[in-house]
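Survey of secondary and tertiary structure
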Amino acid sequence: MITTPLAEVLDGQHAAERRKAARALLKQPLLLAHGAHADEFRLVRRHAPELREWFDRNTGWSLQVDAESARLGKIPGASADATHPAREVTRSAAPFSRRRYVLLCLALAALERGEAQIALGRLADQIVLDAKDPQLAAAGIQFTLDRRDERLDLAAVVRLLLHLGVVRRVAGDEEAYVSGAGDVLYDVERRVLAGLLATRRGPSTVRAETLEARLTELGAETALDSDELRFRAMRRSLTRRLLDDPVLYYDELTDAELGYLTRQRGFLTARINELTGLVAEVRAEGIAMVDPDDDLTDVRMPESGTRGHITLLLAEYLTAVAGVVVPLADLERRVAELAAEHAGFWSKSAREPGAEGELVEQAVARLTALGLATRTADGVMPRPALARYAVGETVVLEPRTAGATQVPAQRKAYVS
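The structure reproduced in this document is the subject of the present report. Residue positions are given per chain, counting from 1 as you read along its sequence in written order. In view of the model being predicted, local features appear only for residues whose pLDDT reaches at least 70, and side-chain atom pairs are presented and counted only at 80 or more, with totals across whole chains, interfaces and linings using the full set of residues. Based on all heavy atoms of the structure, the side-chain values leave hydrogens and waters out of the count.

Points about a nonpolar patch on the surface
A cluster of nonpolar side chains, Leu6, Val9 and Leu10, forms an exposed patch at the surface whose accessible area comes to about 270 Å². By the criteria applied, helices consist of DSSP H or I runs no shorter than four residues and strands consist of E runs no shorter than two, each listed in order from the N terminus. Note on placement: Leu6 falls in helix 1 (residues 6–27). When its relative accessible area of 61% is taken as the criterion, Leu6 is described as exposed. For patch detection, residues must exceed 30% relative accessible area and be free of salt bridges, and they are connected within 9 Å for like charges or within 5 Å for nonpolar side chains (Val, Leu, Ile, Met, Phe, Trp, Tyr). With residues, only the protein chains shown are counted as cover, and all accessible areas are computed by Shrake-Rupley using a 1.4 Å probe. Whenever Lys or Arg places a side-chain nitrogen within 4 Å of a carboxyl oxygen from Asp or Glu, that contact is recorded as a salt bridge. Type-normalised accessible area, obtained with a 1.4 Å probe on protein chains alone, sets the label of each residue: buried when under 20%, exposed when over 50%, and partly exposed for intermediate values.

The following block contains the structure:
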């Protein structure tokens, strides 16, 4: 009988544990010592030195671990990607509006200045005071929290903070506050709060004017005054995009990035595979790091249910017109046709007249989040990776996209 040396077995167990810990951080970059992710937190804490070194070297992401929490400071590779917003911690998972984002920032600022416990009413009062800032008023942002819809927005923000572990509910219920029938008391987890911001610079030090420039400055590397530093910055940026983006398209890269990726592709993808188990699929237009376990994704396709079926059918429809911008009106007409065709299987709300607009909007949001389509001023443009959902031959109407047919689309999960 052939036996495996004990050292080899232990090395295998160590690598498996480290991989599980790394995947846990990629899926949930803020892990708490208590609650649903306690087991993953213990693994991360056990392997913290190796994980910290790997993420710093390959992505530039910091890893902070203490007795209560583990925080991977994920900075996206593409700062302009707006396809994965914060969402309500409810069944609807509605994306945050502009007002809710502002409320979230004001709530975090108030909690940072506050005590170890705070009532929701007191938090609301502080937000109302801070919202009188002239710059907010000039931007058209106003809060009184006298209206029910404003209180609903604040409740959605607080539920997200509860989900992240920034606060813990001691007594009361948010619905009572929204209806004006009561208040809620929270404990503030100051260590979790302190680690929530993931930037290389403090926001107050950023002087850029436009949103895109400010986001770039927040995550910018230090002065790149040597070839070694420039190559390091490209390695980190490309690794971040391979980990976070569903597809890394070559046409989105600069000439310098594309040249570096061409030379170092095998090294970069092998390093990611070793740590996470993600497998590289390389095609004519780009690279996707695919998860064989189908676990590291926050947007699924195909997905069960009526809306998932609609998205898949629209993907099939769009693959037949590769290279052409399809107006939203055409997609809405197609959904109306599909509603009649699949009436026995779709939900009642999806078959109602006028529902096409919302259904198309949800489907397009999912396709763009997965890198399968691009939204333009005139409609929706299919991207090469969408061809994996084609049935039969794809009609390619633009020579540039003729080489790509089967780049898979997987989105690695993150929490802002």
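Some points on the sheet that holds strand 3 (residues 69–73)
Overall, antiparallel pairing links the three strands, which are arranged 1-3-2 in an open sheet. The open sheet has two free edges, formed respectively by strand 1 (30–32) and strand 2 (62–65), since each of these has just one partner strand. Neighbour-to-neighbour, the strand axes of this sheet turn through a mean angle of 5°, independent of strand direction. Here, any two strands with at least 2 DSSP bridges between them count as paired. Judged from the three bridges that link them, strand 1 and strand 3 form a sheet pairing that is antiparallel. Its bridge partner being in strand 3, Leu30 is matched across the sheet by Arg71. Axis geometry follows a simple rule: fit a line to the C-alpha atoms, using only the stretch in contact for helices, then measure angles between N-to-C directions, giving values from 0 to 180 degrees.

Here's the deal with the sheet that holds strand 8 (residues 279–282)
The sheet built from three strands is open, its strands ordered 7-9-8 with antiparallel pairing. The open sheet has two edge strands, strand 7 (248–249) and strand 8, and neither has a second partner. Helix 12 (residues 255–276) rests against strand 7, strand 8 and strand 9 (286–290) of the sheet, and its axis sits at about 5° to strand 9. Only heavy atoms enter the contact rule, under which two residues are in contact if any of them lie within 4.5 Å.

Quick notes on unusual backbone geometry
For Leu145, which is not glycine, the phi torsion reads 60° and is therefore positive. By the secondary structure assignment, Leu145 is in the loop between helix 6 (134–138) and helix 7 (148–164). Within the chain, Asp294 stands out as a residue other than glycine whose phi angle is a positive 50°. Position of Asp294 among the secondary structure elements: in the loop between strand 9 and helix 13 (306–319). Given the relative accessible area of 40%, Asp294 is considered partly exposed.

Here's the deal with helix 2 (residues 38–46)
All of the buried residues in helix 2 are Ala38, Phe41, Leu43 and Val44. Looking at the buried residues of helix 2, the elements they touch are helix 1, strand 1, helix 3 (48–58), strand 2 and strand 3.

Examining the pattern of salt bridges
One pass over the full model with this rule turns up 29 salt bridges. Taking the shortest distance from any N to any O, the salt bridge between Glu252 and Arg383 comes out at 2.8 Å. Residue Glu252 is found in the loop between strand 7 and helix 12, and its partner Arg383 is found in the segment after strand 11 (380–382); the two are separated by 131 residues along the sequence. According to the relative accessible area criterion, Glu252 is partly exposed, its value standing at 35%. Among the ionic pairs, Arg375 bridges to Glu361, the shortest N-O distance being 3.0 Å.

Description of the packing of helix 4 (residues 98–113) against helix 7
Where helix 4 meets helix 7, the closest approach of the two axes is 9 Å, and the angle between their N-to-C directions is 60°. Accordingly, the angle class assigned to the pair helix 4 and helix 7 is oblique. The element helix 4 and its partner helix 7 pack so that their crossing is right-handed. Note on element contacts: helix 7 touches helix 4 through Asp149, Glu150, Leu152, Asp153, Leu154, Ala156, Val157, Leu160 and Leu161, opposite Arg99, Arg100, Leu103, Leu104, Ala107, Leu108 and Leu111. Each residue belonging to the contact of helix 4 with helix 7 can be placed in one class, and the counts come to 11 nonpolar, no polar and five charged. Just so you know how the angles are binned, under 35 degrees is roughly parallel, over 145 roughly antiparallel, 65 to 115 roughly perpendicular, and the rest oblique. The handedness criterion is simple: a crossing whose near helix is rotated anticlockwise from the far helix by less than a right angle is left-handed, and one whose near helix is rotated clockwise is right-handed. Under the scheme applied here, ten amino acids are nonpolar (Ala, Val, Leu, Ile, Met, Phe, Trp, Tyr, Cys and Pro), four are charged (Asp, Glu, Lys and Arg), and all others, including Gly, are polar.

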